[in-house]
Every structure is written in structure tokens, then in C-alpha cells.
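Analysis of the macromolecular model
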Amino acid sequence: MDCHWKPGPSVDDMTAMGIPPDRQSYHHLLHACRWSSADTMWQVVDEMKKQDIEPDEDTYALIIGRATATESLELALQHMHEMDTLGLVPRLKTTQDIIKLAADMDMPKLAYRNRPTISIPFLPQPRWRNMDVLSHIICKHGLCTRHQDVLAKDRA
């Protein structure tokens, strides 16, 4: 599926109908173009910024999600750093995707270094979900024999 979005048409259509595009509108465009070229994604982000809508955590989740889906670990980490400089806290799933990619690329130390630390206590999710990522790292590198044992013990 290729997105043939060009800067403006969808946004122009919305504006013509009296519907000002908002951040969510651009997020839908980014999601629709997730398998297109990176240039297409950046055109959407640039158009968003032209409308004085700055990227937020969800925007970066879409950008980083594309980077991890294409196994561009370095690019994903660059965007995480950019988020940090802007004072944005990544979504747990965004962080998990980077950690899993680093582990899958045989970089367990990098994966461990990028594990969520500050953001986890503020997330209203069960503690065991955070452990799924760490157990993935441990099991991927042969430090345990059964992935399910790690999860079962932590959930108990």
C-alpha cells in the first residue's frame, strides 16, 4: 500500500469544507503513509509544522515506529534523543519497540541502556508489561531457558 499524499490536497479539502486540520488529522495522514517513502512522511510533518502544529509524543511514536519497522535503530535513537531535548516523554510502546529492535540486532547493552526508567512509574499499566521487554532481552541472548517462566514469575 503506497500513500500518494502530496502536501496540501487532503488538508486543502478539509479546509474547504470548513474543517481546520488538527494534530490528529496529521497523525492519520502519517499512519496512512507509514509504508511510503520517508520523504512522504517528512512532507506530512513539514506541512503540520507550517500549520503551527508541533509534533508531540504521538507524532514521534509514528515517526519512531516507522524507523523501528524498517530496522533503522540509529534513526530511532536519534528521534528519541530529539524528543528528550524537546522535553517529550516517549510512549511505553515506542520505547519497547526500540529495546526489542536493539535486542534483536544483538545489542543487549544498548537495549538495556534504553529501557524505560523515569516514565514507567507514571504509566497506568501493570508492572508485568514492562517486564515483557526486559525478559525478551534476557531470553533473546540465552540468559534464561524459558521466556514464559520469566513472565510467570514476575506476574505472580
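Here the focus is the overall build of the protein chain. Across its full length, the protein chain holds nine helices and zero strands. Sequence-ordered secondary structure for the protein chain, helices as α and strands as β, is α-α-α-α-α-α-α-α-α. Taking all 156 residues of the protein chain together, 37% fall into the buried category. If you take every contact in the protein chain between residues at least 6 apart in sequence, the share linking residues at least 24 apart comes to 57%. Within the structure as shown, the protein chain displays about 9700 Å² of accessible surface, and the carbon and sulfur contribution to it stands at 54%.

Time to look at the nonpolar core. A general feature of soluble globular proteins is that nonpolar side chains tend to end up buried together. Counting twelve residues, the largest nonpolar core is built from Y60, I64, A67, L73, A76, M80, M83, L88, I98, L101, A102 and L110. Residue assignment for this core shows that the elements contributing at least two residues are helix 4 (57-69), helix 5 (73-85) and helix 6 (92-104). A per-element tally of this core places helix 5 first, with four residues. Each residue touching I98, except ones within four places of it in the same chain, is listed here: I64, T68, L73, A76, L77 and M80.

Relative to the helices and strands, S25 is located in helix 2 (residues 23-32). Take S25: its relative accessible area is 16%, and that puts it in the buried class.

In a packed pair of helices, the relevant descriptors are the angle between the two axes and the axis-to-axis distance. Closest axis-to-axis distance for the helix 2/helix 3 (residues 38-50) pair is 10 Å, and the angle between their directions is 170°. Accordingly, the angle class assigned to the pair helix 2 and helix 3 is roughly antiparallel. Facing R23, Y26, L29 and L30 of helix 2, the residues of helix 3 in contact are M41, V44, V45, E47 and M48. Residue composition of the contact of helix 2 with helix 3, by class: seven nonpolar, no polar and two charged.

Time to look at the confidence of the model for the protein chain. For the protein chain, mean pLDDT is 76; residues scoring 70 or higher make up 64% of the total. When pLDDT is averaged over each helix and strand of the protein chain, the minimum, 48, is found for helix 9 (residues 147-155) and the maximum, 95, for helix 4. Taken together, the stretch residues 117-130 has pLDDT below 50 and engages in ten contacts with residues farther than four places along the chain or on a different chain. Contacts for the low-pLDDT stretch residues 143-148, under 50 throughout, to residues beyond four places or in other chains number nine contacts.

Calculation criteria
- Residues numbered from 1 in each chain as written.
- Predicted model: local features only at pLDDT ≥ 70, side-chain atom pairs only at ≥ 80, totals over all residues.
- Heavy atoms only, no water.
- Helix = DSSP H or I, 4+ residues; strand = E, 2+ residues; numbered from the N terminus.
- Buried < 20%, exposed > 50% of the residue type's maximum accessible area, 1.4 Å probe, protein only.
- Contact = heavy atoms within 4.5 Å.
- Areas by Shrake-Rupley, 256 points an atom, 1.4 Å probe, with all protein chains shown as cover.
- Core = buried A, V, L, I, M, F, W, Y, C linked by side-chain atoms within 4.5 Å.
- Axes fitted to C-alpha atoms, helices over the stretch in contact; angles between N-to-C directions.
- Parallel < 35°, antiparallel > 145°, perpendicular 65-115°, else oblique.
- Nonpolar A, V, L, I, M, F, W, Y, C, P; charged D, E, K, R; others polar.
- pLDDT = per-residue confidence, 0-100.

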